[in-house]
Amino acid sequence: AILAQDCSRLFTVKVCFPAMAPATPADIEDYSSCGSTESSDEGAPETAVVKTIGFTPAARCASTSDKEPKSKGCGDCSCAPKGATAPQQLMSQTAATVLNPISTSTFELFKVGIGPSSSHTVGPLVACRSFAKALVVEGLLDRVARVRVELCGSLALTGIGHYTHKAVVLGLTGVSPAKVDTTQIEPFLQKVEASGRLTIGFDSDETCEQSGHREIDFVETRDVLLFAEELPLHPNGMICQALDQAGEVVREGTYYSIGGGFVNTAEELLGDAPEQKPRDFPFPFTSMCDLVRICQEQGMSLSDVMRKNEEGLRTPEEVEANLAEIWRVMEACVDRGLAKDKIGHELPGPLGIMRRAPELYAHAKGEDSEGLVSGLMDEMRWLSVYALAVMEENACMGQVVTAPTNGAAGVVPAVLTYYMRHLREKQPAHKRSPPSTFLLAAAAAGILAKERACISGAVGGCQAEVGTASAMAAAGLCAALGGSPQQVDEAAEIALEHSLGMTCDPVLGLVQVPCIERNTMGATKALNAVSLVLRSPTTNRRAMMRYDDVLRVMKETGKDMSSRYRETAQGGLAADYEASLPPAKWEEVKAIMGIKRIQVGPRRTPRKAISYEEVIDLVRSVPPLDLCKC
């Protein structure tokens, strides 16, 4: 009898044969073990032999020797015991097929880009840049007279607030997110609007030697369309079309911004694209438990294992330089957000929110000099101002590091800055960690969230964004303070566990309310999680849950969450705010936020039966319930 939990949990099962034994809780092997073992089992008849089949990567599976037949379903070796029956082999092959080793690099998770959103700003920019590149590579650029981009689902419903329409224009020029001069975005867009012309194309880079440019007619309000309906594969879908002089389609591409600045084509999501070569990591792992086990076997810290994996893709010097650049951009963003000359500045959009970080920072330094604040409040004030500084820069389309998204970009820099400026100096010199230790451990938590759950607010709500960022910050800080791999796992688990269920309901689609303050909460939650782990008495008792468990629950929770609470601005705080606006203010908001541009109904129909504006006006016409009279 095969006694197993869900194979997607990537852990181990016991197979009892040839005799049948009743299932008991003891029959489920602790998932932190791996490989193949034999033992007697009290719940099975004496004639039964119990084997543990490991669901770990083939390179470390001890189920068979090198001389035994290989299984097609398990890479380099078979995860099923010699002589196993067909069901046992099938189960092993299925588990190995579903649970490929992690393939995302630290430098794909941490990306330098622009605010305010990784999925709604950076992703569409990358998609349009890829489309322009394809026109150049395929020799189609000279035939293009116009370009049309259709933003669908969440990209349309919150696109204006996330500056998706601006990102589209930037992407069509071929610029990469890391090379955007944030001080020139608005002047450039104003020039395009005034002239009605846009130079599209692509400059050669490390991925492509070809380059080319062409000036075309372009009117953003005409050529960037917003459709409320979703495309079939993801809430953040978009279609790019290149048209010739006759209006015929020269090339069309469908892209999905899946979160964190990652973009897939429809073919890639459907599995029709050419299979990518697996990453040649020295220490491939499938889960946090697997990573912790590798650390134990190798006698290495979690950050060291992550570093060795990155060194499998690039030189040690390149790894260190890239990590230093990530920290440099993070710290520079914090400092820009704290600058005194930004006191009293208002954030973009109709909400009228003022920057708070510069004034709070000046006040915090004053309190520090007077010795008025200590203990917990000391940690909270610094964490808060650092997180606010990043998110206020992010709201202004400033340069940030995606960690793991832009909507959650304030958590990891806030906690890392706090460590570097306030905690590190208090450690003995030989125990002080560089920023790279923090970043590598944080990346492990973020990469697992991306590949085993999701990091997109449009798919999983804010638990997937700020929740993941809080887990990343907790993992990084725990590692920097000398925590063991098991403690890093537990710190990440605590931070994410207590973020489950958070909705993504940005008011007016802007990454301001509740996003900015929520990052401060994520930072303090990370610090609390690390404190709970490192200050708890050292015992042999294991945590009730592991990070892998909570990732699975987060994914399931996101699936159950209504789309109204997944970055559509149709429910929660967003809906409540809109319902409270007086008619005159509502008309002003609709004009500023481009709500009149959002269309509902069959795509590519010249006239819509009903516009999104009419839908939302209908909803607003229903008087809200007065809770004070209940």
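Calculation criteria
- Residues numbered from 1 in each chain as written.
- Predicted model: local features only at pLDDT ≥ 70, side-chain atom pairs only at ≥ 80, totals over all residues.
- Heavy atoms only, no water.
- Buried < 20%, exposed > 50% of the residue type's maximum accessible area, 1.4 Å probe, protein only.
- Helix = DSSP H or I, 4+ residues; strand = E, 2+ residues; numbered from the N terminus.
- Polar contact = N/O pair within 3.5 Å; in protein donor to acceptor, adjacent residues only side chain to side chain.
- Patch = residues over 30% accessible without salt bridge, like charges linked within 9 Å, V, L, I, M, F, W, Y side chains within 5 Å.
- Areas by Shrake-Rupley, 256 points an atom, 1.4 Å probe, with all protein chains shown as cover.
- Salt bridge = Lys/Arg side-chain N within 4 Å of Asp/Glu carboxyl O.
- Contact = heavy atoms within 4.5 Å.
- Phe/Tyr/Trp six-rings, centres within 6.5 Å; stacked < 30°, edge-to-face > 60°.
- Lys NZ or Arg CZ within 6 Å of the ring centre and 35° of its normal.
- Pairing = 2+ DSSP bridges.
- Core = buried A, V, L, I, M, F, W, Y, C linked by side-chain atoms within 4.5 Å.
- Axes fitted to C-alpha atoms, helices over the stretch in contact; angles between N-to-C directions.
- Left-handed = near helix turned anticlockwise from the far one by under 90°.
- Nonpolar A, V, L, I, M, F, W, Y, C, P; charged D, E, K, R; others polar.
- pLDDT = per-residue confidence, 0-100.

Caption draft 1: Representation of helix H3 (residues 118-137) in the model. Here H3 lies mainly inside the structure; 16 of its 20 residues are buried. Residue Ser117 occupies the N-cap position of H3, its side-chain oxygen lying 3.3 Å from the main-chain nitrogen of Ser119. Of the residues trailing H3, Gly139 is marked for its positive phi of about 70 degrees.

Caption draft 2: Quick look at a nonpolar patch on the surface. On the surface, Leu233, Leu269 and Leu270 cluster together into a nonpolar patch covering about 240 Å² of accessible area. Counting through the fold element by element, Leu270 comes out in helix H8 (residues 266-270).

Caption draft 3: Spatial organisation of the pattern of salt bridges. Scanning the model with the defined rule gives 25 salt bridges in all. One salt bridge in this structure joins Arg314 and Glu310, with 2.7 Å as the shortest N-O distance. The closest approach of N and O atoms between Glu393 and Arg336, which form a salt bridge, is 3.2 Å. Residue Glu393 is located in helix H13 (residues 376-395), and its partner Arg336 is located in helix H11 (residues 316-338); the two are separated by 57 residues in the primary sequence. The class for Glu393 is buried, based on a relative accessible area of 5%. The class for Arg336 is partly exposed, based on a relative accessible area of 28%. Bridged by salt links that share partners, the residues Arg336, Lys342, Arg355 and Glu393 form one connected network.

Caption draft 4: Spotlight on helix H9 (residues 288-298). Taking burial as the measure, the 11 residues of H9 include 8 buried ones, the bulk of the element. Along its buried surface, H9 packs onto helix H10 (302-311), helix H15 (435-452), helix H18 (485-497) and helix H20 (547-560).

Caption draft 5: How the structure looks around the packing of aromatic side chains. All chains considered together, the criterion is met by 2 aromatic pairs. Lys111 extends its terminal NZ or CZ atom over the ring of Phe262, reaching a point 3.8 Å from the ring centre. The ring of Phe262 carries Lys450 above its face, with NZ or CZ at 4.5 Å from the centroid.

Caption draft 6: Up close: the environment of Ala387. Position of Ala387 among the secondary structure elements: in helix H13. With a relative accessible area of 0%, Ala387 lands in the buried category. Taking the C-alpha atoms as reference, Ala387 lies 9.8 Å from Thr524; in sequence the two are 137 residues apart. Not counting the four nearest positions on each side in its chain, Ala387 is found in contact with Gly410, Ala414, Asn519 and Thr520.

Caption draft 7: How the structure looks around the pairing of strand E11 (residues 249-259). Where strand E10 (residues 236-243) lies against E11, 7 bridges are found, and the strand directions are antiparallel. Counterpart to Cys240 in the pairing with E11 is Gly253. From the end of E10 to the start of E11, which pair antiparallel, there are 5 residues, and Gly247 there has a positive phi angle of about 85 degrees. Connecting the antiparallel pair E11 and strand E12 (residues 262-265) is a turn made up of 2 residues, with Gly260 showing a positive phi of about 70 degrees.

Caption draft 8: Representation of the nonpolar core within the structure. Counting residues in each nonpolar core, the largest one holds 99 residues, and the members touching the most others are Phe110, Leu302, Met306, Met330, Tyr386 and Tyr547. Among residues more than four places away in sequence, those in contact with Tyr386 are Val334, Leu338, Tyr361, Ala414, Thr417, Tyr418, Arg421 and His422. Grouped together as the second largest cluster of nonpolar side chains are 43 residues, Val144, Leu170, Val180 and Cys208 included.

Caption draft 9: Expanded view of the packing of H10 against H11. Taken N-terminus to C-terminus, the directions of H10 and H11 make an angle of 115 degrees; their axes are 9 Å apart at the nearest point. Like other packed secondary-structure pairs, H10 and H11 cross with a definite hand, here right-handed. Taken together, the residues of H11 that come into contact with H10 (itself represented by Arg307, Glu310 and Glu311) are Pro316, Val319, Glu320 and Leu323. A class-by-class count of the residues in the contact of H10 with H11 yields 3 nonpolar, no polar and 4 charged.

Caption draft 10: Structural view of the confidence of the model for the protein chain. Mean pLDDT for the protein chain: 84, with 77% of residues reaching 70 or above. For the stretch residues 1-97, pLDDT sits under 50, and the model shows 164 contacts to residues farther than four places along the chain or on other chains. Of the regions scoring below 50 in pLDDT, residues 604-609 engages in 12 contacts with residues more than four places distant in sequence or in other chains.

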